[in-house]
Each structure stands twice: as structure tokens, then as C-alpha cells.
Amino acid sequence: MDITRSSPAPMRVVTAPPEAPDLTVLPAAVPLPGAPEVVLPAAGPLPGPPEAGAPGPVPTSVPPPAAGRGLLRDLLALVRPGQWVKNLAVVPLALLDVRPWHAGAFGQIGWAVLGFTLASALVYVVNDLADRERDRLHPVKRNRPIASGRVSATAATVLAGLIAASLTCWAVAGPAWQWWPTALYLALSVAYSQGLKHVPLVDAFIVASGFVLRLVQGALLVGGRISEWLALCVFALCLMLALGKRRHEMTAAGRAHRPALRGYTLAFLDHLVVLVAVLTAVSYVLYLRDDAALAAGASFVTLLSAPCAVFGLARYMQLLLVEEGGANPVHVLFRDRATLVNATLWAVLVSAALLLSRL
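In what follows, the accompanying structure is described.

1. A word on the overall build of the protein
Consideration 1: Each helix and strand in the protein was counted, giving 13 helices and two strands.
Consideration 2: Split into buried and exposed, the 359 residues of the protein put 39% on the buried side.
Consideration 3: Counted over contacts in the protein with a minimum sequence separation of 6, partners at least 24 positions apart contribute 72%.
Consideration 4: Total accessible area computed for the protein in this model is approximately 20,000 Å², and 70% of it derives from carbon and sulfur atoms.

2. Examining the packing of aromatic side chains
Consideration 1: Going through the model one piece at a time under the given rule, you end up with six aromatic pairs.
Consideration 2: With a centroid separation of 6.1 Å and an interplanar angle of 20°, the aromatic rings of Trp 111 and Trp 170 are classed as stacked. Of the two residues, Trp 111 sits in helix H3 (residues 103–130) while Trp 170 sits in helix H5 (residues 153–173), which places them 59 residues apart along the sequence.
Consideration 3: For the cation-ring pair, Arg 214 lies above Phe 211, with the distance from its terminal atom to the ring centre recorded as 4.4 Å.

3. Here we look at the pattern of salt bridges
Consideration 1: Across all of its chains, the model carries 13 salt bridges by this definition.
Consideration 2: Taking the shortest distance from any N to any O, the salt bridge between Arg 144 and Asp 128 comes out at 3.3 Å. With a gap of 16 residues between them, Arg 144 in the loop between helix H4 (132–135) and H5 and Asp 128 in helix H3 connect regions that are remote in the sequence.
Consideration 3: The exposure class of Asp 128 is buried, given its relative accessible area of 4%.
Consideration 4: By sharing partners, the salt bridges in this structure join Arg 80, Asp 128, Asp 135 and Arg 144 into a single network.

4. Here's the deal with the side chain of Thr 339
Consideration 1: Mapped onto the fold, Thr 339 is located in helix H13 (residues 337–357).
Consideration 2: Looking at Thr 339, the relative accessible area reads 14%, which means it is buried.
Consideration 3: At a separation of 2.5 Å, a polar atom in the side chain of Thr 339 contacts the side chain of Asp 336.

5. Quick look at helix H6 (residues 180–194)
Given 3.6 residues to a turn, an α-helix orients residues that are three or four positions apart in the same direction.
Consideration 1: Taking 1.5 Å per residue, 15 residues should reach 21 Å; H6 reaches 21 Å between its end C-alpha atoms and fits that length.
Consideration 2: Burial in H6 covers these residues: Pro 181, Thr 182, Tyr 185, Ser 189, Tyr 192 and Ser 193. Angular distribution of buried residues about the axis of H6 spans 110°; they occupy a single face of the element. Set apart from the buried face of H6 by more than 90 degrees, the exposed residues are Val 190 and Gln 194.
Consideration 3: In this fold, the buried residues of H6 make contact with H3, H5, helix H7 (202–222) and helix H8 (228–253).

6. What to know about the packing of H6 against H7
Consideration 1: Closest axis-to-axis distance for the H6/H7 pair is 8 Å, and the angle between their directions is 170°. By the angle class used here, H6 and H7 are roughly antiparallel. The two elements H6 and H7 meet at a crossing, and its hand is left-handed. Residues Trp 180, Pro 181, Thr 182, Leu 184, Tyr 185, Leu 188 and Tyr 192 of H6 form the contact with H7, whose own contacting residues are Asp 203, Ile 206, Val 207, Ser 209, Gly 210, Leu 213, Arg 214, Val 216, Gln 217 and Leu 220.

7. Quick look at unusual backbone geometry
Consideration 1: The backbone of Arg 80 shows a phi angle near 55°, a positive value even though the residue is not glycine.
Consideration 2: Along the polypeptide, Arg 80 turns up in the loop between helix H1 (67–78) and helix H2 (85–90).
Consideration 3: Despite not being glycine, Leu 201 has its phi angle at roughly 75°, a positive value.
Consideration 4: Its place among the elements puts Leu 201 in the loop between H6 and H7.

8. Some words on the environment of Leu 78
Consideration 1: Looking at where Leu 78 falls in the secondary structure, it is placed in helix H1.
Consideration 2: You can call Leu 78 buried: its relative accessible area is 0%.
Consideration 3: Once residues lying within four places of it in the same chain are set aside, the contact partners of Leu 78 are Tyr 124, Val 125, Asp 128, Pro 145, Ile 146, Val 151, Ala 156 and Leu 159.

9. What about helix H9 (residues 266–291)?
Consideration 1: The terminal C-alpha atoms of H9 lie 36 Å apart, and with 26 residues this matches the ideal 38 Å at 1.5 Å per residue to within 8%.
Consideration 2: Residues of H9 that are buried: Leu 269, Leu 272, Val 273, Val 276, Ala 277, Thr 280, Ser 283, Tyr 284, Leu 286, Tyr 287, Leu 288 and Asp 291.

10. Quick word on the environment of Leu 167
Consideration 1: Inspection of the secondary structure assignment puts Leu 167 in helix H5.
Consideration 2: In this structure Leu 167 comes out as buried when scored by relative accessible area, which is 8%.
Consideration 3: Put simply, Leu 167 and Thr 182 are 15 residues apart on the chain and 9.6 Å apart in space, counted from C-alpha to C-alpha.
Consideration 4: Apart from residues no more than four positions distant in its own chain, Leu 167 is found in contact with Gly 115, Leu 118, Ala 119, Thr 182 and Leu 186.

11. Structural notes on the packing of H8 against H9
Axis angle and axis distance: for two packed helices, these are the angle between their axes and the distance between the axes, and together they describe the pair.
Consideration 1: Between H8 and H9, the shortest axis-to-axis distance is 8 Å and the interhelical angle comes to 160°. Here H8 is positioned roughly antiparallel relative to H9, judged by the angle of their axes. Here the hand of the crossing between H8 and H9 comes out left-handed.
Consideration 2: In the contact of H8 with H9, the residues fall into 20 nonpolar, four polar and six charged.

What counts, and at which threshold
Residues numbered from 1 in each chain as written. Predicted model: local features only at pLDDT ≥ 70, side-chain atom pairs only at ≥ 80, totals over all residues. Heavy atoms only, no water. Helix = DSSP H or I, 4+ residues; strand = E, 2+ residues; numbered from the N terminus. Buried < 20%, exposed > 50% of the residue type's maximum accessible area, 1.4 Å probe, protein only. Contact = heavy atoms within 4.5 Å. Areas by Shrake-Rupley, 256 points an atom, 1.4 Å probe, with all protein chains shown as cover. Phe/Tyr/Trp six-rings, centres within 6.5 Å; stacked < 30°, edge-to-face > 60°. Lys NZ or Arg CZ within 6 Å of the ring centre and 35° of its normal. Salt bridge = Lys/Arg side-chain N within 4 Å of Asp/Glu carboxyl O. Polar contact = N/O pair within 3.5 Å; in protein donor to acceptor, adjacent residues only side chain to side chain. Expected span 1.5 Å × (residues − 1). Arc of directions from axis to C-beta. Axes fitted to C-alpha atoms, helices over the stretch in contact; angles between N-to-C directions. Parallel < 35°, antiparallel > 145°, perpendicular 65-115°, else oblique. Left-handed = near helix turned anticlockwise from the far one by under 90°. Nonpolar A, V, L, I, M, F, W, Y, C, P; charged D, E, K, R; others polar.

By themselves these figures say nothing about function.
Encoded structure:
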């Protein structure tokens, strides 16, 4: 059509505003009644092909990572595999009183470790489900999978059911009626989650009792004798770690996120930590003197480990009271250089004593 010829209605040419940068969208114009409308783009060079090596267009959004992998990673974090070392450290202590060692004893210890690993994983999931609202008030715990919303309550409940089913199979497949320490641990954990965790002192004592039950489970499965001094040493040591963790929580986040902390003060916790540290050292030495199944030469080598025990206790108290650490005892064990060196020397002395006693 020739727009220069006359037409019954006047022709209007509309030019887009020069400041409009987007040439893919033409500006709208209000047409005159009965007049056809022609819209011309603003003058200017048209965009050509990109130069070689020039960066392409920047995407407006970054595609999220694969949801399946993220969910699996969060579910694994929910059962806290970093805490399973507690079972590896406590349950095998029953081997100290087994003479002679045999392959069956190591197999039974592995079975006990598996049972308590499943039980503790179930407890972690149930506790995080119950505490998800309170954990959101904590500067660190709010990043847990359930508290942060990365894992839904439904998914966590399904995971807990699968772990409970696996634990039932473990109890049925093992020796009859020798799973009662694990069952008692679960019962105490349920009572803890339902309200005892809000009772000052009782909350820490229940946590420490769970580690004694780990020791008892290992002793039952290997058929070893349960030393009263060793059980007291484990209880006192774990009670000190539980109290130290509560002290760190008070200094880091106050008392709002854990009602039981209202029954503590920093000075009170400091006195309790010192008390149970002394009890730990004394019960350890008494175990070596009275109950350890060691020969004469081996007993002397083992007694050399007593300073290592005292140094380990002193180092933890230094980290807790001086450096304001101690939030996670497992991290202290594997990240503090002085603790690692001391633990290595301690393990060498105890291993040498055990070998000498079996010659």
C-alpha cells in the first residue's frame, strides 16, 4: 500500500520514543477513528550477531540443584553420622575385660554398635521433630534440616519409621533378650523427649546414662563382666560433657531455646564440671587398680596412661572455660590438636598394656 496517496481518512505515522531500549516490544499508539496505524521503530542501529568470544546473555535465574540429591543429603544429616563415633568409642570398651580375644567377640561388638547406631539415629530424628520450633530460636540449631524447613515433618516421620523397623529386625535377629539395654535407652529417650529434657540436672543425667547402657550392651553380647568402676568412669565423663554442652549453649544463645537451662547458672555449671571431672579421674584410676584384667607389667604401663586421662580432662575444661568452646565434644576430639596428640599417646599405652597382658 502506498501511504503517500490520498485516502478517505488521514494517515498518522507514529514513531516510538527514542528512549525505549527494547525493540522487540512496539509502543502502543492511540489510533484516530477510521485511520490505519503504522508504527515505525526508533532510529538506530539494529543489534547484530554477537562477536566471537563475547559473553552470552546473563540468565535471569540459576537453576536449583537436583532436589533428590539435596533431600538425601539432608536426611543423612538428620541422623547425624558424625555422632556415630560415640558408639564406636563406648561400646567396644567391653573388650577390655574379655580374655582371650576371639573373632566372635569382635563380631558381637560390631552387632552391638549397629544396634545402638540405629537406636541413636532414631532418637535424633524424633528429638528434632519434637524440637523443631524451639530449634528455630537457636543460632546454630536453626540450620538443622527440619528446623530450617529443608526436610518436612512427613518425610522425617517416614524416615523414623524405617529406622524403627530396622531396629526391630536387629533385635529379633540377635541373641534373645540381650537387647534390653538398647530398649531401655529408647525408653529413656522417649521420656526425655516427652518432658524430662526440661528438668534441670535430670536432662544431663539421662544423656550420661545412655552411654553407660552402651557399655552394658557391649558387655552382654561379648559375655564379659561389667566393671562398676569403668561404668562409673563412663557415666562421670559423659555427664561432664553434657554439662559442658549446656554451659556453652547458655553463653552462645541464652536460655530461651532450652527451658532446662533456667535451672542452671554459669557458676553452678562450672562447679559441677569440676566435680564430675574429679570423679572421672578417680574412677579411672580405681578401675586400673582393681578391675582391669592386666598382668603385672601391663598394669604399670596402663598406669602411665593416668596422666593422659588427667590431661584430656584438663584440656577439655580449658576449651570450655577459657576458650568458650565445648559445644560439640566430637569436634573437640577430632579437631583440637592437643587432644588428638594426647589421645594417640593414650591409645598407644593402653594397647601396649593389653598386648602385654596377653603374652
